[in-house]
Amino acid sequence: MDARESRLARRSDALCALALAALLGAVWAFCDRGSLSSLHLPDADAMLRLQQIRDWLAGQGFADLRQHRLGAAPGLALEWSRLPDLAPGAIIAALAPIAGAPLAEMIAVIVWPTALFAAALLLVTRIARALGGSAIARTATVVAAIAFPATTIFLPGRIDAAGLQIVLVLVMARALVARAAIEPGLVAGLAGAASLVIGVEYAPLIVAVGGAMAIEWLRARSGADDRMMGLGIGLGAGLLAASIVFRPIVWTYAACDGFTMTAWRAGVIAAFAPMGMALAARDIASPATRAVLGTIIIAVVATGIVLVAPECLVPDGGIDPILVQLWRAEIADARSVTIATLPTAIGYAGMMVAGVLASGWRLYATRDQRWAGLLIVQLAALLLSCAQMRGAYAGAILAAPGLAAVIAAARTRGVLPLAGAWITSAGILYPIAAQAFVPSRSARETAADSCTAPATLAMLRRLPPGGLLAPLELGAYAIGATQLSVVGAPYHRNAAGNLAVYRFFVGTPAQAAAIARGWDVQYVALCGDSFGSAGGASLAYAIRQGHAPNWLVPIAPPGRAFALYRVEARLFSQTPPQ
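On a predicted model such as this, the values are computed, not experimentally measured, just so you know.

### Some thoughts on the state of the cysteines
Next up, step 1: All told, the structure shown has two disulfides when counted by the stated rule.
Next up, step 2: In this model, cysteine 256 is linked to cysteine 312 through a disulfide, with the two sulfur atoms separated by 2.0 Å. Between cysteine 256 and cysteine 312 the sulfur-sulfur dihedral comes to about 85°; the bridge is accordingly right-handed. Separated by 56 residues along the polypeptide, cysteine 256 in the loop between helix 10 (224–245) and helix 11 (261–280) and cysteine 312 in the loop between helix 12 (287–308) and helix 13 (321–330) bring together distant segments of the chain.
Next up, step 3: With a sulfur-sulfur separation of 1.9 Å, cysteine 451 is cross-linked through a disulfide to cysteine 527. Between cysteine 451 and cysteine 527 the disulfide shows an S-S torsion of about 75°. By sign, it is right-handed. Remark: cysteine 527 occurs in strand 5 (residues 523–527) and cysteine 451 occurs in helix 20 (residues 443–452); sequence separation between them is 76 residues. Each member of the pair, cysteine 451 together with cysteine 527, is buried.

### Examining the pairing of strand 5
Next up, step 1: Within strand 5, five of the five residues are buried, which leaves it mostly tucked inside the rest of the structure.
Next up, step 2: Residues Tyr523, Ala525 and Cys527 point to one face of strand 5 and Val524 and Leu526 to the other, with burial holding for every one of them.
Next up, step 3: Looking at chain direction, strand 3 (residues 467–469) and strand 5 are connected through two bridges and run parallel. Opposite leucine 468, over in strand 5, you have tyrosine 523 as the bridge partner.

### Regarding helix 21 (residues 454–461)
Next up, step 1: Among all positions of helix 21, only Thr456, Leu457 and Leu460 are buried. Burial along helix 21 is one-sided: seen end-on, the buried residues are contained in an arc of 95°.

### Describing the nonpolar core
Next up, step 1: With 150 residues, the main nonpolar core has Leu468, Leu474 and Tyr491 as its most contacted residues.
Next up, step 2: A per-element tally of this core places helix 5 (residues 101–132) first, with 14 residues.
Next up, step 3: Setting aside anything within four residues of it in sequence, one finds leucine 468 in contact with Leu460, Leu474, Ala478, Leu484, Ser485, Val486, Val487, Tyr523, Val524 and Ala525.
Next up, step 4: Within the second largest apolar cluster, 25 residues are counted, among which are Ala513, Ile515, Trp551 and Ala563.

### Points about the sheet that holds strand 5
Next up, step 1: Spatially, 4-3-5-7-6 is the arrangement adopted by the five strands of the open sheet, whose pairing is mixed. Pairing within the sheet leaves two strands with one partner each, and these edge strands are strand 4 (485–486) and strand 6 (552–554).
Next up, step 2: Together, strand 3 and strand 7 (562–567) form the strand contacts of helix 21, whose direction differs from that of strand 7 by roughly 10°.

### Structural notes on the pairing of strand 7
Next up, step 1: Within strand 7, five of the six residues are buried, which leaves it mostly tucked inside the rest of the structure.
Next up, step 2: For strand 5 and strand 7, the ladder comprises five bridges, and the chain directions are antiparallel. Bridged to leucine 526 within strand 7 is alanine 563.
Next up, step 3: Where strand 6 meets strand 7, three bridges bridge the pair, whose relative direction is antiparallel. The residue bridging leucine 552 from the neighbouring strand is valine 567, located in strand 7.

### Brief notes about the packing of helix 21 against helix 22 (residues 472–481)
Next up, step 1: At their nearest, the axes of helix 21 and helix 22 sit 10 Å apart, and the two run at 55° to each other. When the axes of helix 21 and helix 22 are compared, the pair comes out oblique. For the pair helix 21 and helix 22, the crossing hand works out as right-handed. Contacts between helix 21 and helix 22 involve Leu457, Leu460 and Arg461 from the former and Leu474, Tyr477, Ala478 and Ala481 from the latter.
Next up, step 2: Its residues assigned to classes, the contact of helix 21 with helix 22 comprises six nonpolar, no polar and one charged.

### Notes on the packing of helix 7 (residues 162–177) against helix 8 (residues 182–198)
Next up, step 1: In the contact formed by helix 7 and helix 8, the axes pass within 8 Å of each other and the chain directions differ by 160°. As summarised for this structure, helix 7 and helix 8 are arranged roughly antiparallel, according to the angle between their axes. Read as a crossing pair, helix 7 and helix 8 show a hand that is left-handed. Residues Leu164, Gln165, Leu168, Val171, Met172 and Ala175 of helix 7 touch helix 8, and the partners they reach there are Pro184, Val187, Ala188, Ala191, Gly192, Ala194, Ser195 and Ile198.
Next up, step 2: When the residues that make up the contact of helix 7 with helix 8 are grouped by side-chain class, the tally is eleven nonpolar, three polar and no charged.

### Concerning the pattern of salt bridges
Next up, step 1: Scanning the entire structure with this criterion turns up 15 salt bridges.
Next up, step 2: For arginine 66, the salt bridge goes to aspartate 64, with nearest N and O atoms at 2.9 Å.
Next up, step 3: Arginine 370 is paired through a salt bridge with aspartate 368; the nearest N and O atoms lie 2.8 Å apart.
Next up, step 4: With a relative accessible area of 19%, aspartate 368 lands in the buried category.
Next up, step 5: Among the charged side chains, a network of salt bridges with common partners joins Asp13, Arg126, Arg129 and Arg138.

### Topic: helix 17 (residues 400–410)
Next up, step 1: Of all eleven residues in helix 17, eight are buried, a share of seventy percent or more.
Next up, step 2: Its buried side turned inward, helix 17 meets helix 5, helix 6 (134–145), helix 14 (342–366), helix 15 (369–387), helix 16 (391–398) and helix 18 (415–425).

### Focus on the confidence of the model for the chain
Next up, step 1: Confidence in the prediction of the chain, expressed as mean pLDDT, is 89, and 91% of residues score 70 or more.
Next up, step 2: Looking at the elements of the chain, mean pLDDT is at its lowest for helix 20, recorded as 56, and at its highest for helix 8, recorded as 97.
Next up, step 3: Throughout residues 440–447 the model reports pLDDT below 50, and contacts reaching past four residues in sequence, or to other chains, amount to nine contacts.

Conventions and cut-offs
Residues numbered from 1 in each chain as written. Predicted model: local features only at pLDDT ≥ 70, side-chain atom pairs only at ≥ 80, totals over all residues. Heavy atoms only, no water. Disulfide = S-S within 2.5 Å. Helix = DSSP H or I, 4+ residues; strand = E, 2+ residues; numbered from the N terminus. Buried < 20%, exposed > 50% of the residue type's maximum accessible area, 1.4 Å probe, protein only. Pairing = 2+ DSSP bridges. Arc of directions from axis to C-beta. Core = buried A, V, L, I, M, F, W, Y, C linked by side-chain atoms within 4.5 Å. Contact = heavy atoms within 4.5 Å. Axes fitted to C-alpha atoms, helices over the stretch in contact; angles between N-to-C directions. Parallel < 35°, antiparallel > 145°, perpendicular 65-115°, else oblique. Left-handed = near helix turned anticlockwise from the far one by under 90°. Nonpolar A, V, L, I, M, F, W, Y, C, P; charged D, E, K, R; others polar. Salt bridge = Lys/Arg side-chain N within 4 Å of Asp/Glu carboxyl O. pLDDT = per-residue confidence, 0-100.

Right, dumping it as structure tokens:
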């Protein structure tokens with residue numbers, strides 16, 4: 001392909017990706033227009049991020065990532081980063097003076113996920129074109145556009161960081177299949193640094209990219225040393241710059257759960273591994289010698305990380321065991337796909353597994369080591385999903401090039417093989433087929449819906465400002481949709497508040513009264529079957545049986561779906577002792 005054809009292909013790929021993303025984004029936005037128009041976003045993290053952006057635009061410091069209406073005063077210091085706030089915040093700031101804040105916010109929550117979706121489709125197309133040329137490029141675009149569950153993080157309203165994280169993973173994968181040179185290495189390193197600034201959830205995939213590049217380095221392939229050097233420089237320089245621009249106000253927080261000083265130190269030390277390997281073996285061609293040098297360098301770097309950032313070995317370390325259990329029960333993405341229900345496991349892992357098999361077949365058939373690099377990242381995503389299901393987002397969309405190659409091969413074998421290839425490659429079909437096993441919805445999903453339904457939030461919005469104690473699934477929505485402060489929400493740093501919520505509902509009415517008094521609670525809400533397993537002596541059981549203590553005065557008529565009460569502190573003394 002000459003330079004002119006290459007430019008035309010890049011332009012065509014971009015237009016195709018943008019058109020498909022815009023079309024699907026418009027359809028999704030139209031289907032969900034009621035919720036979007038009222039800024040009832042499809043995800044708790046998106047609701048809380050919108051409020052974080054509002055607070056920032058209203059004058060809260062750039063480095064102050066505390067949510068002042070969550071947990072104990074002066075608020076919870078989230079593990080989040082300001083980086084994902086930049087684009088939607090810029091859209092809102094630019095449009096609010098012209099269209100008003102509500103309309104500007106609605107446009108931002110539609111445009112930003114759609115733009116990320118277009119970027120993801122374009123990157124998948126370019127990866128596929130690099131691996132298989134025009135024969136699979138366009139097909140990969142379509143396959144990626146229906147790659148469940150990856151598509152769910154690009155739905156209108158999803159302004160949480162997941163979509164941006166997946167785009168950064170695809171940037172690294174694109175650099176991995178490009179020619180071995182310092183420039184792709186730099187790009188991959190910078191993307192890895194940005195990913196770590198946002199969060200550490202996808203750190204295993206960054207390691208997988210480095211491992212794939214190290215295999216080429218081990219074989220002394222042309223340009224492999226330069227690419228390794230670029231990876232290290234990009235990662236290290238990116239993290240150094242980020243420590244100046246995106247350093248949060250709680251930089252010294254003693255954990256490795258976000259962009260903290262601890263995680264930053266680990267990342268900077270890790271950047272020395274590819275740089276050291278590139279320098280140490282510059283004039284050495286023997287794979288055996290390189291293997292020895294690489295092992296020594298990795299051992300030294302790993303020892304340094306353990307010494308200066310031991311918290312990174314156990315990111316959840318130090319969290320109360322009860323909270324770990326409760327938090328993971330409330331956050332689907334943090335659970336392992338291996339313990340999910342069968343329909344969920346099939347829906348999340350189906351396309352990812354099919355993609356691993358397809359890429360493995362292409363590696364076997366072509367002996368092209370670039371397929372090996374992509375396969376390594378896919379396998380890392382599969383392993384990550386065994387710990388946290390969020391790995392399936394990357395695994396599904398990375399499957400598109402390999403599955404597109406399967407479809408291309410099936411075209412020459414007749415209608416039935418082609419139909420089978422498309423069915424196997426259509427990620428959106430996996431959750432639909434999985435529902436044949438368990439068509440009904442779980443009690444937990446029903447409870448979550450009753451907690452976050454627009455009618456529920458509208459009821460809470462009418463309340464005067466005050467403290468709300470409610471099941472965790474309601475917390476982020478209440479912050480984003482009302483003026484209330486909340487005791488708990490499904491964020492692991494809020495240990496004290498989340499434990500208070502748990503103990504409030506599963507404890508006796510007397511214990512609940514003490515918690516309500518200690519947290520200065522004005523309102524209490526109970527949703528659906530939340531805390532349905534609480535014992536007969538618990539407050540949750542008493543509320544469901546219509547025997548709420550007299551210090552809980554009904555605001556809404558008690559019902560199975562949602563119960564809302566006002567706390568009358570003057571009546572605490574009438575609560576019988578436990």
